[in-house]
Amino acid sequence: MEIYGVTSPDPSPPTNSSSNVPDLDHGHILNSNHGPTLDFDSGTVLNYGSIPALDSTPCPAFNKISISLTVTVPICTRFKMEGPTGPFNCKISNDSACVDSENATYPNGEIMERLRVDESHINTECISDCGTKDCQTKNNCRCESTKGEVKIMKNKRFGRGAVESGLTHECGVFGAIGTGEWPTQVDVAQVICLGLVALQHRGQESAGIVTSEGKSARTFNTHKGMGLINNIFNDEAMRKLKGNLGIGHTRYSTSAASEEVNCQPFVVHTAHGALAVAHNGELVNCSSLRKMVLGRGVGLSTHSDSELITQALCLNPPEGETNGPDWPARINHLMRLAPLSYSLVIMLKDKIYAVRDPYGNRPLCLGKILPLGSSFLMNGCAKNGLDDRAEGWVVSSESCGFLSIGARYVREVLPGEIVEMSRHGVRTVDVVERPADKQQAFCIFEYVYFARADSMFEGQMVYSARLQCGRMLARESPVDADIVSSVPESGTAAAHGYARQSGIPFMEVLCKNRYVGRTFIQPSTRLRQLGVAKKFGALSENVRGKRIVLIDDSIVRGNTIGPIIKLLRDAGAAEVHIRIASPPLKYPCYMGINIPTREELIANKLDSAQLAQHVGADSLEYLSVEGLVSAVHYNMKDLPSDGVGGHCTACLTGEYPGGLPDDVDW
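Given the structure is predicted, the values throughout are model-derived calculations rather than measurements.

(A) Structural view of unusual backbone geometry. Note the cis peptide between Gln-264 and Pro-265, where omega equals 0°. Structurally, Pro-265 is set in the loop between strand E16 (245-251) and strand E17 (266-270). Cis geometry is adopted by the peptide bond preceding Glu-489, which originates at Pro-488 and carries an omega value of -10°. Mapped onto the elements of the fold, Glu-489 is located in the loop between strand E29 (483-486) and helix H10 (492-502). The phi dihedral of Glu-458 is positive, around 50°, even though this residue is not glycine.

(B) Molecular detail of the packing of aromatic side chains. Applying the stated criterion to the full structure yields six aromatic pairs. Plain terms: the ring middles of Phe-442 and Phe-457 are 5.1 Å apart, the flat faces sit at 65° to each other, and that makes the pair edge-to-face. Note that Phe-442 is positioned in strand E26 (residues 442-443) and Phe-457 in strand E27 (residues 456-457), a separation of 15 residues in sequence. Judged by centre distance (5.9 Å) and plane angle (90°), the rings of Tyr-447 and Phe-457 are edge-to-face. Of the two residues, Tyr-447 sits in helix H8 (residues 445-450) while Phe-457 sits in strand E27, which places them 10 residues apart along the sequence. Neither residue differs from the other here; Tyr-447 and Phe-457 are each classed as buried. Linked through ring pairs, Phe-442, Tyr-447 and Phe-457 together constitute an aromatic cluster. A cation over a ring is seen here: Arg-330 above Trp-327, with NZ or CZ 4.7 Å from the ring centre. A cation over a ring is seen here: Arg-423 above Trp-182, with NZ or CZ 4.5 Å from the ring centre.

(C) How the structure looks around helix H5 (residues 305-313). The buried fraction of H5 amounts to nine of the nine residues, a majority that puts the element mostly inside the structure. Within H5, burial applies to Asp-305, Ser-306, Glu-307, Leu-308, Ile-309, Thr-310, Gln-311, Ala-312 and Leu-313. Buried positions along H5 lie against E17, strand E18 (273-281), helix H4 (286-295), helix H6 (327-337) and strand E19 (342-347).

(D) Quick peek at the pattern of salt bridges. All chains considered together, the criterion is met by 16 salt bridges. Residue Glu-398 is joined to Arg-202 by a salt bridge in which the shortest nitrogen-to-oxygen separation is 2.5 Å. Note that Glu-398 is positioned in the loop between strand E22 (392-396) and strand E23 (407-412) and Arg-202 in the loop between helix H1 (188-198) and strand E14 (206-212), a separation of 196 residues in sequence. Since its relative accessible area comes to 0%, Glu-398 is described here as buried. The partner of Glu-420 in a salt bridge is Lys-351, and the shortest N-O contact between them spans 3.6 Å. Highlighted residues: Glu-420 in strand E24 (residues 417-422) and Lys-351 in the loop between E19 and strand E20 (352-356), separated in sequence by 69 residues. A relative accessible area of 6% means that Glu-420 is categorised as buried. On the basis of relative accessibility, which here comes to 27%, the residue Lys-351 falls in the partly exposed class.

(E) The arrangement of the sheet that holds E29 in detail. Ordered by their spatial adjacency, four strands build an open sheet running E29-E32-E33-E35, and the pairing between neighbours is parallel. Two strands in the sheet have a free side with no partner beyond their single neighbour: E29 and strand E35 (619-622). On average, adjacent strands in this sheet sit at an angle of 20° to one another, irrespective of strand direction. In terms of strand pairing, strand E33 (residues 575-580) meets E35 through four bridges, oriented parallel. Among the inter-strand pairings, Ile-580 is bridged to a residue of E35, identified as Tyr-622. Those strands touched by helix H13 (residues 561-570) are strand E32 (547-552) and E33, and its axis lies near 150° from that of E33.

(F) Molecular detail of the packing of helix H9 (residues 462-476) against H10. Where H9 contacts H10, the axes come no closer than 6 Å and their chain directions differ by 45°. If you check the angle between H9 and H10, you find them oblique. Crossing of H9 over H10 shows right-handed handedness. Each of Tyr-463, Arg-466, Leu-467, Gly-470, Arg-471, Leu-473, Ala-474 and Arg-475 in H9 lies in contact with H10, whose residues at this interface are Ala-493, Ala-494, His-496, Gly-497, Tyr-498, Arg-500, Gln-501 and Ser-502. Of the residues that constitute the contact of H9 with H10, the class distribution is seven nonpolar, five polar and four charged.

(G) Region of interest: the sheet that holds E14. The seven strands are arranged E15-E14-E16-E13-E22-E21-E23 in an open sheet whose pairing can be described as antiparallel. Where the open sheet ends on each side, the last strands, each with one partner, are strand E15 (221-226) and E23. The sheet shows a mean angle of 15° between the axes of neighbouring strands, taken without regard to direction. As paired strands, strand E21 (residues 365-369) and E22 are joined by five bridges and run antiparallel to one another. Of the residues in E22, the one forming a bridge with Leu-366 is Val-395.

So, how was this worked out
- For every chain, the first residue of its written sequence is number 1, and the numbers climb from 1 along that sequence.
- Confidence filtering applies because this is a predicted model: local features only for residues at pLDDT of at least 70, side-chain atom pairs given and counted only at 80 or more, and all residues used for totals across whole chains, interfaces and linings.
- Heavy atoms from the whole structure form the basis of all side-chain values; hydrogens and water molecules are not counted.
- Segments assigned H or I by DSSP are reported as helices when at least four residues long, segments assigned E as strands when at least two residues long, and all are numbered from the N terminus.
- To pair, rings of Phe, Tyr and Trp, with the six-membered ring standing in for Trp, must have centres within 6.5 Å; the planes then decide the type, stacked if under 30 degrees apart, edge-to-face if over 60, and tilted in the middle.
- Type-normalised accessible area, obtained with a 1.4 Å probe on protein chains alone, sets the label of each residue: buried when under 20%, exposed when over 50%, and partly exposed for intermediate values.
- Whether a charge lies above a ring is judged from NZ of Lys or CZ of Arg, which has to be within 6 Å of the ring centre and within 35 degrees of the ring normal.
- Here a residue-residue contact requires only that any non-hydrogen atoms of the pair lie within 4.5 Å.
- Only one rule defines a salt bridge in this text: a Lys or Arg side-chain nitrogen within 4 Å of an Asp or Glu carboxyl oxygen.
- Strand pairing follows a simple DSSP-based rule, namely that at least 2 bridges must link the two strands.
- Angles run from 0 to 180 degrees between N-to-C directions of axes, and those axes are lines fitted to C-alpha atoms, restricted for helices to the stretch in contact.
- Under this scheme an angle from 65 to 115 degrees is roughly perpendicular, one under 35 degrees roughly parallel, and one over 145 degrees roughly antiparallel; angles in between are oblique.
- In this scheme the crossing of two helices becomes right-handed for a clockwise turn of the near helix relative to the far one and left-handed for an anticlockwise turn of less than a right angle.
- Residues were grouped as follows: Ala, Val, Leu, Ile, Met, Phe, Trp, Tyr, Cys and Pro as nonpolar; Asp, Glu, Lys and Arg as charged; and all remaining residues, including Gly, as polar.

So far we have only geometry, and geometry alone does not tell us how the molecule works.
Set out below in structure tokens:
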């Protein structure tokens with residue numbers, strides 16, 4: 001790689017011994033003893049290695065570095081430099097041994113991620129001879145001596161749309177098909193649109209709908225765009241989406257940039273007709289699968305996992321095909337190549353396949369569209385709707401939108417199951433087993449944070465699991481107080497559970513402004529905190545002179561809870577005790593959840609007592625991992641046994657359900 005800059009009027013380097021580093025934020029050259037390692041995800045300098053000395057004056061103009069991922073980053077330089085390798089990053093670790101950071105692993109086997117650190121974390125005192133000595137610094141720096149080159153860091157999350165976000169889900173998928181004679185009486189496009197509106201909490205960046213009339217294998221009706229669903233699908237767009245079946249998607253990016261080219265569903269034209277795919281999740285072995293697909297001569301136009309899945313489905317299965325494409329066999333082959341993590345809806349000319357990965361990590365459920373005169377729709381109590389004739393079938397990431405479209409929740413798609421949906425009904429065509437020694441690994445944070453409270457998972461409503469989390473939290477971390485309250489609405493169910501278990505009355509103390517955007521989308525810490533002030537108001541009559549237990553569902557960076565506590569104290573609260581209805585987040589997620597790097601997670605910096613002092617609380621306690629698992633299991637119809645009903649707690653414990661593959665690159 002070559003980096004070109006403006007030729008200096010005086011090519012001879014200054015005589016001083018210090019080198020200089022470009023400041024990407026202000027266009028200045030900063031002094032340092034080493035040359036830069038740049039993190040293009042955050043635009044910050046990671047580490048320094050010796051480079052030619054530079055002019056320390058402000059740069060009059062920016063040049064650009066262009067790399068193969070078609071991303072340009074402004075940098076001010078006055079020299080030309082090239083090199084195949086560069087300095088390794090200093091890593092923050094619990095292990096003080098200084099080792100090769102490219103191959104270092106944590107005690108639990110997790111491959112060390114490249115942490116983004118600001119200049120305050122750069123350790124210039126780290127001993128360069130790491131092979132024979134230990135790093136004796138407070139940050140336990142993992143490093144290697146610098147070689148004098150600039151290393152451009154790029155990884156799987158390069159260019160993602162939410163680098164600065166907090167805890168966010170990737171997306172939601174939805175599919176619908178009419179049964180019986182076509183054209184169907186079900187307005188498929190409207191059903192999908194309403195279903196996506198119910199899933200809007202899972203993604204707000206972009207959305208798309210693809211429909212088929214079931215006649216031509218060559219053409220689908222497609223409409224996609226950036227923004228919220230109600231702004232994308234106007235009357236004109238909906239009129240174009242005629243069809244008897246269709247799939248939809250609402251997206252929040254984790255593995256590719258937030259651009260219209262990455263909007264789903266993806267549509268490709270194969271030798272056997274058009275194929276559309278919508279995907280929720282993130283492939284943990286994306287690199288090896290990408291290499292395999294490219295090795296077959298298939299081109300990829302994006303860095304999205306979802307396009308990769310779509311193209312992989314176009315490949316013939318190893319056993320071959322005799323009478324046209326065997327789509328279940330192709331899907332089976334894909335699932336064996338990529339065991340984690342996804343829920344898929346795949347549409348052909350006249351069929352939809354609903355697919356869930358063998359570990360069941362991402363949710364997916366089936367619903368039945370009932371006739372308008374159904375007794376279940378009329379009064380909800382006379383019949384359960386299962387015996388009514390189906391006018392159509394739907395598949396969704398969550399069941400929360402079923403009643404709004406006249407559908408009844410039937411069941412979840414089982415881990416590894418391939419369900420075929422056609423005009424004749426639904427049927428299971430195949431089940432791909434996971435390894436015998438592995439349990440199901442449904443994401444436990446669906447219960448804690450992501451899912452809507454009225455959704456059904458594993459035979460129980462999400463609200464009841466959150467209520468039980470509050471009860472368990474009251475048992476583990478009691479406190480003498482006057483009232484229990486919540487950070488609305490995410491902590492409300494747990495707060496009611498805490499109040500019932502403790503006997504302390506529940507009372508609202510925060511008033512939410514529903515027309516302010518979520519705080520995680522603000523671009524800086526200062527704006528996030530200002531966003532909190534705009535988002536909430538204190539009910540001073542309920543607060544004044546009271547000792548308050550305030551329940552929230554989780555803490556990610558710790559930026560928003562402090563301003564809330566200050567708001568309550570300004571309103572006259574005597575004491576504010578924080579209780580978190582989930583364990584501390586300590587590890588990133590590689591399976592479709594945008595959890596920040598380990599360094600950004602506040603639980604890796606401060607324990608409960610330190611965090612309480614940091615945010616201004618009188619006390620702060622988390623729910624234990626054991627308490628969370630027990631609360632989730634409390635109302636489950638089928639308790640974990642024989643590998644069924646297990647949950648993924650990787651972001652809490654660092655124990656990843658399928659392990660981390662050798663080619664993990666983010």
